[in-house]
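Commentary on secondary and tertiary structure
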Amino acid sequence: MNDRNEALAADRADPLAALREQFTLAAGTIYLDGNSLGVPPSASAARAQAVIGAEWGEGLIRSWNSAGWFAMPKRLGNKLAKLIGAADDEVVVTDTISINLFKALSAALRMQNARDPKRRVIVSERSNFPSDLYIAQGLIEQLDRGYELRLVDDASELRAAIREDVAVAMITHVNYRTGEMHDMRALTEHIHAQGALALWDLAHSAGAVPVDLNGANADYAVGCTYKYLNGGPGSPGFVWVPRRHQDAFSQPLSGWWGHKSPFEMNPVYRPDNGIGRYLCGTQPIVSMALVECGLDVFLQTDMQAIRRKSLALTDFFIELVETRCKEYGLTLVTPREHTQRGSHVSFEHPHGYEVMQALIARGVIGDYREPHVLRFGFTPLYLRYVDVWDAVETLRDVLATESWRKPEFAERGAVT
Ligand SMILES: *Cc1c(COP(=O)(O)O)cnc(C)c1O
């Protein structure tokens, strides 16, 4: 595509184009940050009204049963399962990634300890999202049994680091910074061949790329709903545990929602059968209800169609940046190979932070990640080819005029 008209023609031919109408999009904004916080589905506002008005306001306490509040984590889990290659009753929507990771990693370590107590290493990547590493560090300290976190500096060192002393490989499928994606099936196979368990973080995968957890024979997975799944700021995450592992061990956050019969009010904890034992306490129902609005849009299409458009959008973006912004010092850090990248694209620039602030001031919203990375997320449900064209033209203008040099663009907020 060499001009704006061709981008418009691609939009007219786009089989997913109509789904854009199911989202509320800010006027005058090109949003390339749906990988960090998705946009609101149009149904969300009315759903929030209904939960607050009819269900909470009128139904009151009865709504735990009559409005299905209590069943929501499992019911939404079954909808989400379809996007990640999971079966019914293998996913619950609940808590945050960090909390779910604590539960899943604890369960995985216990399971390994019963099989082979000599294994004391958790493997991950230094470039993993820090919260994942912090949770592993916190759990290791809490267990106080000589566990160790082994971090590799480059994805190419991962396989060699997973050897006979490893209990669990805790891997993020798509890297939050570079967009690099692992081959889940091949890596899980290697992890199993070394006798370890595979725990996957799907933060930048769920709703972004096709995932087949059962096909890959993975052991545990966690993810969130506020990024590509459009659940809203701070909406609850999810945890996946395949049936074969569900009843093997319970997780340590043994709150009453994970009890076999919570309203017996029994002083002794007995875990629920199945995935229910991965719940802990009372859930944020207003926020969780909105997760369903996002999932319901996804269920009108499929992840293969979304992936086709995602690759077309990202290919188009890379090509345009590399031709139209060639002389301005941007370096692609995302792999070009389709099989090795997710749905966001990152470029390094020595003044990445300032350039991104200047872009945002012009209505093109991406984000910045240390060090030097301009990150652009591509969400096929509501992005058009013409948005890609216009975003790159704005980027070119910001770089060509050096408007990013204005002092206000160097100021930093608490969230970048
Ligand atoms: C976004 C993200 C998180 C965020 O964790 P929360 O507990 O939901 O705040 C964790 N891990 C990865 C890999 C992420 O991309």
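Structural notes, computed from the coordinates. Since the model is a prediction, treat every value here as computed from it, not as a measurement.

Things to note about the environment of D116
In this fold, D116 is placed in the loop between α5 (97-115) and β3 (121-125). Residues D116 and V92, spaced 24 residues apart in sequence, show a C-alpha to C-alpha distance of 29 Å. Of the polar contacts made by the side chain of D116, one reaches the side chain of R119; its length is 3.0 Å.

So, the sheet that holds strand β9 (residues 331-332)
One open sheet accounts for 4 strands, arranged β9-β10-β13-β12; its pairing is antiparallel. The sheet is open, and its two borders are formed by β9 and β12 (367-369), each paired with just one other strand. The pairing of strand β10 (residues 344-348) with strand β13 (residues 373-377) spans 5 bridges and is antiparallel. Looking at the pairing, E348 lines up with V373 of β13. Packing of helix α12 (residues 303-324) onto the sheet brings it into contact with β9, β10 and β13, and relative to β10 it is tilted by some 20 degrees.

Side note on the sheet that holds strand β4 (residues 148-152)
The sheet built from 7 strands is open, its strands ordered β2-β8-β7-β6-β5-β3-β4 with mixed pairing. Bordering the open sheet on either side are β2 (91-93) and β4, each of which pairs with just one other strand. Adjacent strand axes in the sheet meet at a mean angle of 15 degrees when their direction is disregarded. Taken together, the 3 bridges between strand β6 (residues 197-201) and strand β7 (residues 220-223) define a ladder with parallel strand orientation. Bridge pairing in β7 places W200 opposite A221. Across the face of the sheet, α5 comes into contact with β3, β5 (166-172), β6, β7 and β8 (238-240) while running at roughly 170 degrees to β7.

Details of empty space enclosed by the protein
Evaluated as defined, the whole model comprises 1 cavity of 30 Å³ or more. Its volume calculated, the largest cavity comes out at about 40 Å³. Lining the largest cavity, in full, are G207, Y228, F298, I306, T379, P380, L381 and Y382. In terms of residue class, the lining of the largest cavity is built from 6 nonpolar, 2 polar and no charged.

The rules behind these values
- Residues numbered from 1 in each chain as written.
- Predicted model: local features only at pLDDT ≥ 70, side-chain atom pairs only at ≥ 80, totals over all residues.
- Heavy atoms only, no water.
- Helix = DSSP H or I, 4+ residues; strand = E, 2+ residues; numbered from the N terminus.
- Polar contact = N/O pair within 3.5 Å; in protein donor to acceptor, adjacent residues only side chain to side chain.
- Pairing = 2+ DSSP bridges.
- Contact = heavy atoms within 4.5 Å.
- Axes fitted to C-alpha atoms, helices over the stretch in contact; angles between N-to-C directions.
- 1 Å grid on protein atoms, 1.4 Å probe; cavity = no way out; pocket = protein on both sides within 12 Å on 5 of 7 lines; lining within 4 Å.
- Points joined across faces, edges and corners; volume = space filled by probe spheres on them.
- Nonpolar A, V, L, I, M, F, W, Y, C, P; charged D, E, K, R; others polar.

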